[in-house]
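# Observations on the model geometry
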Amino acid sequence: MSAAPADRRVALVSGGSRGLGRVLVERLLADGWSVSTFSRTSNDFVTEMSDKYQDAFHWESVDLSDSQGLRAFARDSGKRFGRLDLLINNAGVLHQELFLTTAPGQMEDLIRVNLLAPLHLTQACARLMVRGGGGSIVNVSSINAIRGYRGVSVYAAAKAGLEGLGRSMARELGPQGVRVNTLTPGFFDSDMTADVTSRNRERIQRRTPLGRLGTVDEIADAVLFLATPRSRFITGQTMVIDGGITC
Ligand SMILES: NC(=O)c1ccc[n+]([C@@H]2O[C@H](COP(=O)([O-])OP(=O)(O)OC[C@H]3O[C@@H](n4cnc5c(N)ncnc54)[C@H](OP(=O)(O)O)[C@@H]3O)[C@@H](O)[C@H]2O)c1
């Protein structure tokens, strides 16, 4: 039997319509959480969850580049469900281009969506958590933040920024019961990686000690471990999940 709405733990997941975000939303709802999520566009999954979990699911169209919209979404989610226990900064945008030819505007857009957006969302959500007596924040980074790869310098800079944010925030907010951790995945299949050629997939697989690519369900398992009380004595840490490719 699912918990009464007031007793349900509440999560905010950015980018919950597709890919990793979608799996996280589905799992949290099935586990009895209330979930707020946003993306730019709706889809069949959002409609299905809205029908199935009328009281426990909320989706809105918000763009990561709209800082005021992000803050308002966080505050409204807190009001709608009465509390906030978990923030997963999942949404991200990959744009691959050599650094020397990346236009200044493109750099700013990438930093805005991959780093500034989580900063705004995290500040608004952390304030709610501190008021509520605690919570957990998981930032989804990438192995691009810890190893050099061609064509992803700006994306890597943004993701590395998220990892630094997590460590400092953990120091500030630990005493107030808020844990902050970073999950650093290697390649997994999603719309973001749909353009990766089969040659490049084989190359990643060959270089991975475990000899295969990770699945989105395996990445979600690790996020949910960091998100929930099973990791209650872990904060300020980065967990890499990549089959060993960066070891
Ligand atoms: N896939 C990989 O191999 C991989 C590896 C390492 C790290 N990661 C990281 O893992 C996270 C999830 O990646 P994924 O592969 O699941 O991505 P994905 O399949 O591309 O899904 C991205 C989600 O974010 C939303 N989103 C994208 N841009 C947005 C914007 N400007 N405003 C609001 N929402 C936006 C998308 O919805 P809309 O497009 O409708 O807005 C969608 O819901 C990202 O942070 C990514 O950097 C992925």
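Report follows, based on the coordinates. Quick caveat: nothing in here was measured; it's all calculated off a predicted structure.

What follows covers the overall build of the chain. Secondary structure assignment for the chain yields 7 helices and 7 strands. Along the chain direction, N to C, the helices and strands of the chain fall in the order β-α-β-α-β-α-β-α-β-α-β-α-α-β. Against the 2.2 N^0.38 benchmark of 18 Å for 247 residues, the chain shows a C-alpha radius of gyration of 17 Å, consistent with a compact globule. The principal-axis extent of the C-alpha atoms belonging to the chain is close to 50 × 35 × 35 Å. Partitioning the contacts of the chain with sequence separation of at least 6, the portion at a separation of at least 24 is 70%. For the chain, the exposed area adds up to about 12,400 Å²; of that, 50% sits on carbon and sulfur atoms. Positive and negative side-chain charges of the chain, numbering 29 and 25 respectively, have mean locations separated by a distance of 6 Å.

Moving on: the sheet that holds strand β2 (residues 34-39). Here we have 7 strands laid out as an open sheet, ordered β3-β2-β1-β4-β5-β6-β7, and parallel in their pairing. Because the sheet does not close on itself, it has two edges, and the strands there are β3 (57-61) and β7 (238-241). Each strand axis lies, on average, 15 degrees off the axis of its neighbour in the sheet, ignoring direction. Sheet topology places strand β5 (residues 135-140) next to strand β6 (residues 178-185); 6 bridges connect them, and they run parallel. Across the sheet, the residue bridging to N139 is T182, located in β6.

As enumerated under the stated definition, the model contains 1 aromatic pair in all. Each ring, one from F38 and one from F73, has its centre 5.2 Å from the other, and the planes form 70 degrees; the classification is edge-to-face. Here F38 is found in strand β2, whereas its partner F73 is found in helix α3 (residues 67-81), with 35 residues between them in sequence. Here the two residues F38 and F73 agree in accessibility, since each one is buried.

As a structural note, the neighbourhood of the ligand is formed by 29 residues, with R18, T41, N90, Y155 and S190 the closest of them. Within the backbone of R40, one N or O atom sits 2.7 Å away from an oxygen atom of the ligand. Between an oxygen atom of the ligand and a main-chain N or O atom of F188, the distance comes to 2.9 Å. Here the ligand has 900 Å² of accessible area as a free molecule, and 95% of this is covered by the chains. Those elements that place two or more of their residues in the shell around the ligand are α1 (19-30), β2 and α5 (153-173). Among the residues forming the shell around the ligand, the class breakdown is 12 nonpolar, 12 polar and 5 charged.

We now examine helix α7 (residues 216-227). For α7, which comprises 12 residues, the first-to-last C-alpha distance of 16 Å matches the rise-based estimate of 16 Å (1.5 Å per residue) to within 8%. Within α7, burial applies to V216, I219, A220, A222, V223, L224, L226 and A227.

As a further point, take the pairing of β6. Taken across its 8 residues, β6 has 8 buried, putting it largely inside the fold. Burial along β6 is two-sided: V178, V180, T182 and T184 facing one way and R179, N181, L183 and P185 facing the other are all buried. Where the polypeptide runs from β5 across α5 and back to β6, its parallel neighbour, the crossover connection is right-handed. Bridge count between β6 and β7: 4 bridges; the pairing is parallel. By the bridge assignment, P185 is partnered in β7 with I241.

Looking now at α1. The first and last C-alpha atoms of α1 sit 17 Å apart over 12 residues, in line with the 16 Å expected at 1.5 Å per residue. Just beyond α1, the residue with positive phi is G32, at close to 95 degrees.

Reading the values: the criteria
- Residues numbered from 1 in each chain as written.
- Predicted model: local features only at pLDDT ≥ 70, side-chain atom pairs only at ≥ 80, totals over all residues.
- Heavy atoms only, no water.
- Helix = DSSP H or I, 4+ residues; strand = E, 2+ residues; numbered from the N terminus.
- Rg over C-alpha atoms; globule rule 2.2 N^0.38 Å.
- Contact = heavy atoms within 4.5 Å.
- Areas by Shrake-Rupley, 256 points an atom, 1.4 Å probe, with all protein chains shown as cover.
- Lys, Arg positive; Asp, Glu negative; His and termini not counted.
- Charge placed at Lys NZ, Arg CZ, Asp CG, Glu CD.
- Pairing = 2+ DSSP bridges.
- Axes fitted to C-alpha atoms, helices over the stretch in contact; angles between N-to-C directions.
- Phe/Tyr/Trp six-rings, centres within 6.5 Å; stacked < 30°, edge-to-face > 60°.
- Buried < 20%, exposed > 50% of the residue type's maximum accessible area, 1.4 Å probe, protein only.
- Near = heavy atom within 4 Å.
- Polar contact = N/O pair within 3.5 Å; in protein donor to acceptor, adjacent residues only side chain to side chain.
- Nonpolar A, V, L, I, M, F, W, Y, C, P; charged D, E, K, R; others polar.
- Expected span 1.5 Å × (residues − 1).
- Right-handed = clockwise from strand over helix to strand, strands pointing away.

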